[in-house]
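# Chain and residue survey
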Amino acid sequence: MTSASPVIVSLGFGAMAQSLAASLAAGRSGLRLAGFLLPAERRRETPEGMTRWTTVDTLIEARPDLVVECATHAAVRETVPPLLAAGIDVVIVSIGALGDPATIAKLEEAARRGGAKATAVSGAIAGLDVLRAGALAGLESVTYVGRKPPAAWAGTPAETILDLAGLAEATTFYEGNAVDAARDYPKNTNVTAAVALAGVGFEKTRVRLVADPGAVGNTHELEARGAFGDFRIVLNNKPLPENPKTSWLAALSVEQAVLRHFSSLEV
């Protein structure tokens, strides 16, 4: 790690940012979350030792070394570009926002203008390194399967397709591409976006969503075939202890992205 004490700030201070703050404080890296950006109208107690910024302009004036977006897709579209244009590196957690080509173009242009870097985290899925490498030689197919208990699909179009409460066996309720899956099933947006961006894009990435009464947690399956060969990964995620709506691995991937950013050796 660097010898100085870098200033790390989060956009938002929900479960993900709070987990990052606690993990960094408990770790041996010497890194700490210095504070967060949250609009004045959003009520949130500022922990001792932290600073709260309420506008992007005042945050830019503070010149943080790294900003970690732990907020919303809207924050990626509206708040991240001015930070990049100001030369401030950003780690993006809400990568589902990158399903919009216009958003990607806006971020890339801002990063070039400011000489900054935007890094998208892997989140709750594994195998993205294989996809990125395999894509260089050509990928024939990439399929993502999301399997969750029926109750986890409440509030999505799955409710109009299945009797979630009365489901007796694992049932596939969606098969299509990542474009439609990201739009219609936002709870899976970040995972499908990560797979699509690392591999063959949103149009060509196949997605299958399953409601499984026998599932005890969220399962992500990733299969890919190409010139390199083929692989299949099955990942059973446990929830973040402090917030069961958030994947523990997703929170850990954010912390790892921060550690890698300040590391002199990336593996």
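Throughout, a residue's number is its position along its own chain's written sequence, starting from 1. Reporting of local features is limited, given that this is a predicted model, to residues whose pLDDT is at least 70; pairs of side-chain atoms are given and counted only at 80 or more, and all residues count toward the totals for whole chains, interfaces and linings. Side-chain calculation: all heavy atoms of the structure are included, whereas hydrogens and water are not.

## Description of the environment of Val80
- By the secondary structure assignment, Val80 is in helix 4 (residues 80-85).
- Taking the relative accessible area as the measure of exposure, Val80 reaches 0% and is therefore buried.
- Sequence separation between Val80 and Ile92 is twelve residues; the distance between their C-alpha atoms is 8.5 Å.
- Look past the residues within four positions of Val80 in its chain and what remains in contact with it is Leu11, Glu69, Ala75, Val90, Ile92 and Leu107. Comment: elements are numbered from the N terminus, with helices defined as DSSP H or I runs of at least four residues and strands as E runs of at least two. Throughout, exposure labels follow a simple rule: accessible area from a 1.4 Å probe, protein chains only, divided by the maximum for the residue type, with under 20% read as buried, over 50% as exposed, and the rest as partly exposed. In what follows, residue pairs with any heavy atoms lying within 4.5 Å of each other are defined as contacts.

## Remarks on the domain arrangement of the protein chain
- Start and end points for every domain follow an automatic or database-based domain assignment. Under the domain assignment, the protein chain is made up of domain 1 (8-123 + 249-262) and domain 2 (128-244).
- In short, buried area is how much 1.4 Å probe accessible area vanishes from two parts on joining, totalled over both. Contact between domain 1 and domain 2 buries roughly 830 Å² in total, counting both sides, with carbon and sulfur atoms accounting for 73%.
- Sorting the residues of domain 1 by area buried against domain 2 places Ala15, Ile95 and Leu249 first, and these three jointly supply 42% of that buried surface.
- Whenever Lys or Arg places a side-chain nitrogen within 4 Å of a carboxyl oxygen from Asp or Glu, that contact is recorded as a salt bridge. For the pair domain 1 and domain 2, the interface holds zero salt bridges.
- Here a polar contact is recorded for every N or O atom pair within 3.5 Å, except that within protein the pair must consist of a potential hydrogen donor and a potential acceptor, and residues adjacent in sequence are included only if both atoms are side-chain atoms. Applying the counting rule to domain 1 against domain 2 returns two residue pairs in polar contact (both at pLDDT 80 or more).
- Gly counts as polar in this scheme, as do all residues outside two lists: the nonpolar Ala, Val, Leu, Ile, Met, Phe, Trp, Tyr, Cys and Pro, and the charged Asp, Glu, Lys and Arg. Class assignment of the residues belonging to the side of domain 1 that touches domain 2 gives a composition of seven nonpolar, six polar and no charged.

## As for the pairing of strand 13 (residues 243-247)
- Strand pairing is assigned whenever DSSP identifies at least 2 bridges connecting the two strands. Pairing analysis gives two bridges linking strand 12 (residues 239-240) to strand 13, with the strands arranged antiparallel. If you follow Leu240 over to strand 13, its bridge partner there is Asn243.
- As consecutive antiparallel partners, strand 12 and strand 13 are separated by two residues.

## Quick look at the packing of helix 6 (residues 128-135) against helix 9 (residues 189-198)
- The angle between two axes is taken between their N-to-C directions and runs from 0 to 180 degrees, where each axis is a line fitted to C-alpha atoms and a helix contributes only its stretch in contact. It is the contact of helix 6 with helix 9, at a shortest axis distance of 8 Å, that shows an interaxial angle of 30 degrees. What the angle tells us is that helix 6 and helix 9 run roughly parallel. For the pair helix 6 and helix 9, the contacting residues are Leu128, Leu131, Arg132 and Ala135 in the first and Ala194, Val195 and Ala198 in the second. What sets the label is the angle itself: under 35 degrees gives roughly parallel, over 145 gives roughly antiparallel, 65 to 115 gives roughly perpendicular, and the rest give oblique.

## Describing the sheet that holds strand 4 (residues 66-69)
- The sheet built from six strands is open, its strands ordered 3-2-1-4-5-6 with parallel pairing. The open sheet has two free edges, formed respectively by strand 3 (51-53) and strand 6 (118-120), since each of these has just one partner strand. Between one strand axis and the next, the sheet turns through 25 degrees on average, direction left out of account.
- Taken strand by strand, helix 1 (residues 15-26) contacts strand 1 (8-11), strand 2 (33-37) and strand 4, and its axis lies near 170 degrees from that of strand 2.
- Across the sheet, helix 10 (residues 248-261) is in contact with strand 1, strand 4 and strand 5 (89-92); its angle to strand 4 comes to roughly 165 degrees.

## Considering the packing of aromatic side chains
- Classification of ring pairs rests on two measures: the distance between centres of Phe, Tyr or Trp rings, Trp counted by its six-membered ring, which must be within 6.5 Å, and the angle between planes, read as stacked under 30 degrees, edge-to-face over 60 and tilted in between. For the structure shown, the criterion picks out six aromatic pairs.
- Arranged with centres 4.4 Å apart and planes meeting at 10 degrees, the rings of Phe13 and Phe36 form a pair that is stacked. Highlighted residues: Phe13 in the loop between strand 1 and helix 1 and Phe36 in strand 2, separated in sequence by 23 residues. Phe36 matches Phe13 in its accessibility class, with the two residues each being buried.
- Residues Trp153 and Tyr185 carry aromatic rings whose centres are separated by 6.1 Å and whose planes lie at 90 degrees to one another, so their mutual orientation is edge-to-face. Of this pair, Trp153 sits in the loop between strand 7 (139-148) and helix 7 (158-161) while Tyr185 sits in the loop between helix 8 (178-184) and helix 9, and the two are 32 residues apart along the sequence.
- A relative accessible area of 0% places Trp153 in the buried class.
- Looking at Tyr185, the relative accessible area reads 3%, which means it is buried.

## Side note on helix 5 (residues 101-114)
- Between its first and last C-alpha atoms helix 5 spans 20 Å; for 14 residues at 1.5 Å apiece the expected length is 20 Å, and the two agree.
- All of the buried residues along helix 5 are Thr103, Leu107, Ala110 and Ala111. Seen along its axis, helix 5 keeps its buried residues to an arc of 100 degrees; they face one direction. Summarising the geometry of helix 5, the exposed residues directed more than 90 degrees from the buried face are Pro101, Ala102, Arg112 and Arg113.
- Packed against the buried residues of helix 5 are helix 3 (73-78), helix 4 and strand 5.
- Phi turns positive, to about 65 degrees, at Gly115, one or two residues after helix 5. Take the residue count of a helix, subtract one, and multiply by 1.5 Å to get its expected span. It is the directions from the helix axis to the C-beta atoms whose arc is reported.

## Section: the environment of Asn190
- By secondary structure assignment, the location of Asn190 is in helix 9.
- A C-alpha to C-alpha distance of 8.0 Å links Asn190 and Ala97, two positions 93 residues apart in sequence.
- For Asn190, the contacting residues outside a window of four places in its chain are His73, Val93, Ser94, Ile95 and Gly96.
- At a separation of 3.3 Å, a polar atom in the side chain of Asn190 contacts the main-chain amide nitrogen of Ile95.

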